[in-house]
Every structure is written in structure tokens, then in C-alpha cells.
Amino acid sequence: MNLKNLAVPECCLVIGAGSAIGQAILEQLSGAGCRHLLTAGRGEGEVSDHCRLNLTSSDSVAVLSTFLKQKRMEGIVPSWCFHCSGILHDGEYFPEKGLSSIKGEWLMKSMEVNVLSHVHAAQAVSSVISPTHPIRWASLSAMVGSIADNRVGGWHSYRMSKAALNMFIRGLDIEWRRKHRENRVVAIHPGATESELSRPFRQGLPPGRPFSAELTAQRMIQIMANLQEEQSGHLLHWDGSPLPF
Ligand SMILES: NC(=O)c1ccc[n+]([C@@H]2O[C@H](COP(=O)([O-])OP(=O)(O)OC[C@H]3O[C@@H](n4cnc5c(N)ncnc54)[C@H](OP(=O)(O)O)[C@@H]3O)[C@@H](O)[C@H]2O)c1
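Residues numbered from 1 in each chain as written. Predicted model: local features only at pLDDT ≥ 70, side-chain atom pairs only at ≥ 80, totals over all residues. Heavy atoms only, no water.

Draft legend 1. Highlighting the pattern of salt bridges. If you walk through the whole model with that rule in mind, you get 10 salt bridges. Glu-10 is the salt-bridge partner of Arg-35, the closest N and O atoms lying 3.0 Å from each other. Of this pair, Arg-35 sits in the loop between α1 (20-31) and β2 (36-41) while Glu-10 sits in the segment before β1 (11-15); the two residues are 25 residues apart in sequence, bridging distant segments of the chain. A relative accessible area of 58% means that Arg-35 is categorised as exposed. By relative accessible area, which is 44% here, Glu-10 ends up partly exposed. In this structure, the salt-bridge partner of Lys-71 is Glu-74, at a minimum N-O distance of 3.2 Å. Judged by relative accessible area, which is 7%, Lys-71 ranks as buried. One continuous salt-bridge network, built from bridges that share partners, spans Asp-49, Lys-71 and Glu-74. (Salt bridge = Lys/Arg side-chain N within 4 Å of Asp/Glu carboxyl O. Helix = DSSP H or I, 4+ residues; strand = E, 2+ residues; numbered from the N terminus. Buried < 20%, exposed > 50% of the residue type's maximum accessible area, 1.4 Å probe, protein only.)

Right under this line is the structure:
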């Protein structure tokens, strides 16, 4: 996929920058000529202007907001934001097979990482949104967060938290488009992609899956570059088509 002919803005922000897909988005944006790459996440930034923070904590709103305001004083304001944070399993918890395995602690952690981290980041970005500078926001979500599409059950905490993220995106779109008609807000399902998150679930995938992080990043950037008004506020498939909530 060639991104050379895409109009990539001067400045982009990648949140949850330590993620495999986030890293690949950074590489692709850099290759496509994006001059100012801003990042936020728990790790150290390597190729970018980085804000180190944990977005599950409410303090992170002020930290990211201060960082973005400082950048704005330097004339650097992101036009695109990709939020890549998400959790499906950790050393202790794995997606639930059914009702009896739902644990409150894991459900709350899933909500913190999959929803609250996106809320906090949007609150910080909101502080630098201006009526003259439109912004495009993409939260990486998941098709399994679609209520209409759930035909097999299980994975309760991940599904519930991604469904909540999708609802947040819908509300954020309404709010931000009142600020500026050209603002765009979407949730995107990247498809099964090589990463730590997908590592335990590679068996049984159709041929050609998981996608490389590079290919997924190219698709995310292509969606962002071609985002139309009618797509805003929706959950999009990695090819840009709408998915049911
Ligand atoms: N890979 C797939 O097959 C797939 C499929 C559907 C949807 N997605 C979605 O795509 C997004 C990116 O996933 P990925 O595959 O690139 O995953 P990944 O490499 O495992 O990265 C997940 C990122 O989420 C953040 N995160 C994880 N645990 C956290 C915690 N306890 N507190 C705060 N932040 C935490 C981290 O960002 P920092 O370290 O930068 O803070 C981490 O790098 C996720 O939202 C995921 O749900 C992925």
C-alpha cells in the first residue's frame, strides 16, 4: 500500500504509543512526511516528542493538556489523533469464556484501559481544539464490541468495555462537531493484527491473518485521510465501511 499520495498533516498525535499498532502508525506517518509526531504513553518516546503518562489516572488529563498547550505555543497542533490503548488479557486475566468467570477487578481494569484512557485523552485534546483548527480522532476499538454482531458470547469484559468505548465515540463526535463542523471522530476495528494483545489468539485464524502491524497502520492512516462526514461518529471496519454498533 502506497501512502505517498495521501495528504498527511504536519502534526499527528499517537496515544498508547507503545502499542504494536501505534508504533507502526508512527513509522508510516513519518515515512509519509508527517513533520511533527507527538506521542503519549507509559513508556519512553523514541522517535517523537513524547508525553509520558498513565492515561488510566485522572492526573493524566492535566499532564497531557499541559504538554499539548506547550506544543501549541511552539505552533505545533495535532490535526490527527490515533488512540491505540487497549487491553484483552494480562498475566493474571484472560478473556472470559462465560458468566461465571467474570471478575469485578478485571471488568474495572478493562473499563479503565479500554474506555477511561480514551476519555482522559479526549479531555486533554479538547483543551487545544480551536474553532479554526479541525481535528480528526480515531480510537482503535474492536468488532467484538459491536452488540449487534455478538453471536457467540464470551469475552465479556473486553466486549462490554469496547461497546462502552463505541458509545463514548458517538457522544464525542456530537460534541466536537458542534465545536467545528469539520471535526471527525471515529472508532476503528483494525482486524486481527500481530501484537502482544493478539498473540494468544493466532491459532485458527483464516489464512493471511493476523495482519502485519505495518499493513494495519497503513489502513488506519488511509481511513483517516479519506474520512467523510457521514462516517463520523461510527464504528468503522479496517476498510472504512461502517460496522453496526
Ligand atoms: N491486535 C489486534 O488483533 C486487535 C484487534 C482488534 C482491536 N485491537 C485494538 O487495537 C488497539 C491496539 O492494540 P495492539 O494490538 O497494538 O496492542 P498492544 O501492542 O498490546 O498495545 C496495547 C497498548 O495499550 C496500552 N495499555 C495496555 N495495558 C495498559 C494498562 N494496564 N494501562 C494503560 N495502558 C495500557 C499500552 O499503551 P502504552 O504502553 O503506550 O501506554 C499498550 O501498548 C487496542 O485498542 C486493541 O483493543 C487490536
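Next comes the rest of the description.
Draft legend 2. Up close: the environment of Glu-230. Mapped onto the fold, Glu-230 is located in the loop between α5 (213-225) and β7 (235-236). The exposed category is assigned to Glu-230, whose relative accessible area is 61%. Here the alpha-carbon distance between Glu-230 and Ser-58, two residues 172 residues apart in the chain, equals 32 Å.

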